[in-house]
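# A closer look at the structure
Read off the chains here:
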Amino acid sequence: MSAAATLMVDLTAIVANWRDLAARGAPGAVAGVVKADAYGLGAAEVGPALRAAGCRHFFVALLGEGIALRAAIGPGPMIGVLGGFAPGADGDAALTPVLNSLGDVAAHAAAGRAAGVARRAILHVDTGMARLGLDAAELALVSADHGMLAGLDLHYVMTHLACADEPAHPMNAAQATRFAAACAGLPKMRRSFANSSGMFLGADFASDLARPGCALYGINPTPDHPNPMRPVMRLEVPVLQLRDILAGTPVGYGATWTASRPTRIATVAAGYADGYLRSLSGHAVAEFRGRSVPLVARVSMDLTTFDVTDLPEIAPGDRLTLIGGDGCSPDEVGARAGTIGYEVLTSLGARYAREYLRG
Ligand SMILES: *Cc1c(COP(=O)(O)O)cnc(C)c1O
């Protein structure tokens, strides 16, 4: 039987995307957001590649992700943990908690005062997401009494945009105004504002530290315009078997698709258990040497079927590109699955061989 499905991740392209974003964010610094295992592509590989390129600031979502990233990149760069953590829970990893509530502020400030060493942290204020971050009432309390921050070494104040991928959305300007007002009431400190899409919104969204994630991984941060970022991944899946069926033959679970002509079906070795979403059933394409082949019938757990009648040169063992090829970028696959490229990447399975291109 042929080799396993292969996920190819081009680290040089991720680094090149980061360099482009770093130039765009200048004179501010530009972080690398590597939460969720670098959006499914492998934080243990992406982190060190960005570090070697000069990235000095990283963000993860979870404490455990931060500890693993520190082991991968070594001492030095800031690793912000967006979900925060209890004082001291990071052990020797020297992580930087994002303080998301007055309770977080109080706990870390008290720990810093008790230790006599101010605790490094990032202060998160909510300006329109209503998920995490100090709300208006909490912000008012801190603004009225900066003594609440004693014991903290605040490296940044940050906020997060809700609608940055919709440049005309009024939330963007509203959040910029609220963020500026919040910062005016706090002790002077550096600011961290834009995510990937926010970096394309103009000068009002510039800050001391941008936090791009998706754009590093080739997702289009400007959905209304051609993608300015390089593609960084390809999922290539071998054809297990070819079979010629007669017109009228149904294919797959539920017999939802029936050949309307004599058809050659290629069955490939990946399915929804590999993150090739079942909602793609009947409406995706794969790429073979620059040409598209349509997915037919339902995606199964480990197998997916394509109509390759028009490409008779395809042989068993040949590889179709299911994600990351022409017509099947993560964004395009996401759209066909009724979701977004972010979810396509973060759903990528664990059963592939992974190959990292290092240039
Ligand atoms: C995930 C995340 C980012 C990165 O967002 P992208 O849209 O992927 O660039 C930045 N900031 C915060 C707070 C996040 O949660």
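Each chain has its residues counted from 1, running along the sequence as written. Only residues with pLDDT of at least 70 get local features here, since the model is predicted, and only at 80 or more are side-chain atom pairs given and counted; chain-wide, interface and lining totals rely on the full set of residues. Water and hydrogen atoms were dropped before computing side-chain values, which therefore reflect all heavy atoms in the structure.

An unreviewed UniProt entry lists the protein chain under the name Alanine racemase, with Neoroseomonas lacus given as the organism. UniProt positions are given in the numbering used here, feature names are shortened, and annotations may be inferred rather than shown by experiment. The heading Cofactor (unreviewed entry) in the UniProt record of the protein chain holds the text "pyridoxal 5'-phosphate".

### Considering the UniProt feature "active site" (unreviewed entry) in the protein chain
The UniProt record annotates "active site" (unreviewed entry) at Lys-35 and Tyr-253. These annotated residues cover 219 residues of sequence, and their C-alpha atoms reach 35.5 Å apart at the extreme, placing them across more than a single site. Here, the largest pocket is lined by Lys-35 out of the annotated residues. When a residue's accessible area, from a 1.4 Å probe over protein chains only, is under 20% of the maximum for its type it is buried; when over 50% it is exposed; and in between it is partly exposed. Assessed through its relative accessible area of 28%, Lys-35 is described here as partly exposed. Whether two residues are in contact is decided by their heavy atoms, any of which lying within 4.5 Å being enough. Leaving out residues up to four positions away in the same chain, Lys-35 has contacts with Phe-59, Val-60, Ala-61, Glu-65 and Leu-82. Setting aside anything within four residues of it in sequence, one finds Tyr-253 in contact with Arg-298 and Ser-300. Space inside and on the surface of the protein is sampled on a 1 Å grid over the protein atoms alone, with a cavity defined as a set of points where a 1.4 Å probe fits but cannot get out and a pocket as an open set with protein on both sides within 12 Å along at least 5 of 7 lines; lining residues have an atom within 4 Å of a point.

### Observations regarding helix 3 (residues 43-53)
Within helix 3 the residues assigned to the buried category are Ala-43, Val-46, Gly-47, Ala-49, Leu-50 and Ala-53. For helix 3, the arc enclosing every buried residue in end-on projection is 170°, short of the 170-degree limit, so these residues lie on one face. Opposite the packed face of helix 3, turned more than 90 degrees from it, sit the exposed residues Ala-44 and Ala-52. Among the structural elements, helix 1 (11-25), strand 3 (32-33), helix 2 (35-39), strand 4 (57-60) and helix 4 (63-73) are those in contact with the buried residues of helix 3. Under the DSSP-based scheme used, a helix requires at least four consecutive residues in state H or I and a strand at least two consecutive residues in state E, with every element numbered from the N terminus. Phi turns positive, to about 110°, at Gly-54, one or two residues after helix 3. In this description, one arc is meant: the one made by directions from the helix axis to the C-beta atoms.

### Examining helix 7 (residues 170-184)
Between the first and last residue of a helix there are one fewer steps than residues, each counted as 1.5 Å, and that sum is the expected span. If you check helix 7, its first and last C-alpha atoms are 22 Å apart, about what 15 residues at 1.5 Å a residue would give, namely 21 Å. Looking only at helix 7, the buried set comprises Asn-172, Gln-175, Ala-176, Phe-179, Ala-182 and Cys-183. What you see down the axis of helix 7 is that its buried residues fit within an arc of 130°, all on one side. Facing away from the buried side of helix 7 by over 90 degrees, the exposed positions are Pro-170, Thr-177, Ala-181 and Ala-184. Where helix 7 is buried, its residues touch helix 6 (136-144), strand 8 (152-158) and strand 9 (191-192).

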